[in-house]
Amino acid sequence: MKRKTRALLRTITSWIMVSLMLQFAFYYFLNYKVEGIMAPVNAQPIVVKSLETEIPGTNLENLQISYGKDYLAYQENGVLKVYNLQQEKVIFEKSPQGESEYDMGPIYYQWLPDRDTLVYFYARRNPNPTTTVVVPVEEEPTEQGSSGSNNTSAEPDAVEDPNQAPPQNPVKKTPKTRTEVRYNNPQITEVYTLELPPSDEEETAPDDRYNRSIDSFPAVGQIKQMVVSTFTNLLYLAIEDNGKFQLMEIDIMKNVRTLNQAGEVITQMAASDKFGTLYAKSTSGKSERIIALQGWNREVVSDDAADVILGNRGGMLYLGNIKDDKLVSIRSGEENSEEKSLKFKTIWEGSIPYDDAKDVIIGANGEIIVYNDLTAYIIKEGRDKEIKLDGEENYISSDGVEVIQVTRVGMSTKVKLHPLQ
């Protein structure tokens, strides 16, 4: 009997151990997957393509390549177009609706950094720039109402006469109103997201999705820069309107708020992809500084007027120092959730032309790329090198790996994609 009991206990113990091991393996796998979702790692290789295509038209402007390197967005004579590089054809167009100064059509567009989705802003004339509202009119109090009554029953110690007839209900007067004219924005500015299918699908049309209208967007205003925080799903816009500047935030719930202070000019921005912090170059009066914003909270990152924001990637903020129109040093500061202030260290010193820079890219491999239409300067691990670019115009993808080379020939434009290095 004792032997049977011991054997049964050993069997139960063995099954318990096996069960615990299976549970441990399952929870380890589950935790690994959750970490992959909350803090995704680029396990897939960076997409680099080499191809050539010829696009009809010669007035192509502001060429931008998608995350998967399979779509090219550009503007031609005020029309936003998206070209499928694999199928070699335009698969989307969006034109202005009218000819008034407010029918501007697509005024800004930018690919999201982690998918083949294009965010664009569309401006058109407001057909109802004025509205009327009915408001009440406050009447002047009558002499009787202002002087009160001599009835002693209103006094605290007075006793109400039970034989007195109850007072009659006063006649209710219809309140007086008036109609006022309110002026709204003469221009409607709308936000769209254009989601593209896989480039080899010919039957699936792009999903042109309306998101919302921005009532506070200034008429004929220009978006100078847009940055995206994928961590918090926030869009930040730097807007210029007749010499006035506005910093606007749009969240995933499509709420809009203005973050800049009165008289403040925002000239550069970078959004953290790790904590959602917005870094901005702020100018107010004679003061120039780089600030960090999270909601309404502000922290000064640098008060050196010669410092510029180069970009942010992987939780690292990069600042450059400019002297005599040349980039002479770069500092990096790693973001930390436990510490508000960033601790910077100098990672490069040298001299690179900066006054004619077309753009600055923080590459996926940690390189800093400063380029114009003729030359790309690449800084990595404390060293810099220079690469000559061919073509009339050149653009570099947001991950820093692809060159979009543009050459106009006859009535068309030749576009060549090739690796930067």
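Residues numbered from 1 in each chain as written. Predicted model: local features only at pLDDT ≥ 70, side-chain atom pairs only at ≥ 80, totals over all residues. Heavy atoms only, no water.

Trainee: What exactly am I supposed to notice about the overall build of the protein chain here?
Mentor: Assigned secondary structure in the protein chain consists of two helices and 30 strands. Per-residue burial for the protein chain yields a buried fraction of 38% across its 421 residues. Counting only contacts in the protein chain whose residues sit at least 6 apart along the sequence, the fraction spanning at least 24 positions is 48%. Carbon and sulfur atoms form 50% of the exposed surface of the protein chain, whose accessible area is close to 26100 Å². (Helix = DSSP H or I, 4+ residues; strand = E, 2+ residues; numbered from the N terminus. Buried < 20%, exposed > 50% of the residue type's maximum accessible area, 1.4 Å probe, protein only. Contact = heavy atoms within 4.5 Å. Areas by Shrake-Rupley, 256 points an atom, 1.4 Å probe, with all protein chains shown as cover.)

Trainee: Teacher, can you tell me more about the pairing of strand β4 (residues 79–84) here?
Mentor: Looking down a regular strand, the side chains alternate between one sheet face and the other. Counting buried residues along β4, six of its six residues qualify, which places the element largely inside the surrounding structure. Every second residue of β4 is oriented toward a common face, with Val79, Lys81 and Tyr83 on one face and Leu80, Val82 and Asn84 on the other, all of them buried. In this structure, strand β3 (residues 71–76) lies alongside β4, joined through six bridges in antiparallel fashion. Opposite Glu76, over in β4, you have Val79 as the bridge partner. Turn length for the β3-β4 hairpin, with the two strands adjacent in sequence and antiparallel, is two residues, and the turn residue Asn77 shows positive phi of about 55 degrees. When β4 meets strand β5 (residues 89–94), the two strands line up antiparallel, connected through five bridges. (Pairing = 2+ DSSP bridges.)

Trainee: I keep staring at the environment of Arg257 and nothing clicks. Help me out?
Mentor: Locating Arg257 in the fold gives a position in strand β15 (residues 256–258). Arg257 sits in the partly exposed class, given a relative accessible area of 29%. Separated by 43 residues in sequence, Arg257 and Ile214 place their C-alpha atoms 10.0 Å apart. Side-chain polar atoms of Arg257 contact the side chain of Glu249, separated by 2.7 Å. (Polar contact = N/O pair within 3.5 Å; in protein donor to acceptor, adjacent residues only side chain to side chain.)

Trainee: What exactly am I supposed to notice about the pairing of strand β12 (residues 222–229) here?
Mentor: The sheet contact formed by β12 and strand β13 (residues 234–241) spans seven bridges and is antiparallel. Looking at β13, one finds that Ile223 is bridged to Ile239. Linkage of β12 to β13, two consecutive antiparallel strands, is achieved through a turn of four residues, within which Asn233 is found at a positive phi near 55 degrees.

Trainee: Can you walk me through the sheet that holds strand β28 (residues 393–396) in this structure?
Mentor: Backbone-to-backbone hydrogen bonds pair the strands of a sheet. The strands run either parallel or antiparallel. The four strands are arranged β1-β30-β29-β28 in an open sheet whose pairing can be described as antiparallel. Strands with a single pairing partner mark the edges of an open sheet, and in this sheet they are β1 (51–56) and β28. Strand-to-strand twist of the sheet, defined as the mean angle between neighbouring strand axes without regard to direction, takes the value 20 degrees. Here strand β29 (residues 402–409) pairs with strand β30 (residues 412–419) via eight bridges, running antiparallel. Note that in β30 the partner of Ile404 across the bridge is Leu417. (Axes fitted to C-alpha atoms, helices over the stretch in contact; angles between N-to-C directions.)

Trainee: I tried to follow the pattern of salt bridges on my own but got confused; where do I start?
Mentor: Note that side chains of opposite charge can pair when their charged atoms are close. Throughout the structure, instances matching the rule amount to 17 salt bridges. Close ionic contact of Glu240 with Lys224 constitutes a salt bridge, the shortest N to O distance being 3.7 Å. Residue Glu240 is found in strand β13, and its partner Lys224 is found in strand β12; the two are separated by 16 residues along the sequence. By relative accessible area, Glu240 is classed as partly exposed at 24%. In this structure Lys224 comes out as partly exposed when scored by relative accessible area, which is 48%. Taking the shortest distance from any N to any O, the salt bridge between Glu393 and Arg408 comes out at 3.3 Å. On the criterion of sequence distance, the pair formed by Glu393 in strand β28 and Arg408 in strand β29 is long-range, its members being 15 residues apart. Each of the salt bridges in this network shares a partner with another, and the network as a whole consists of Glu195, Asp207 and Arg209. (Salt bridge = Lys/Arg side-chain N within 4 Å of Asp/Glu carboxyl O.)

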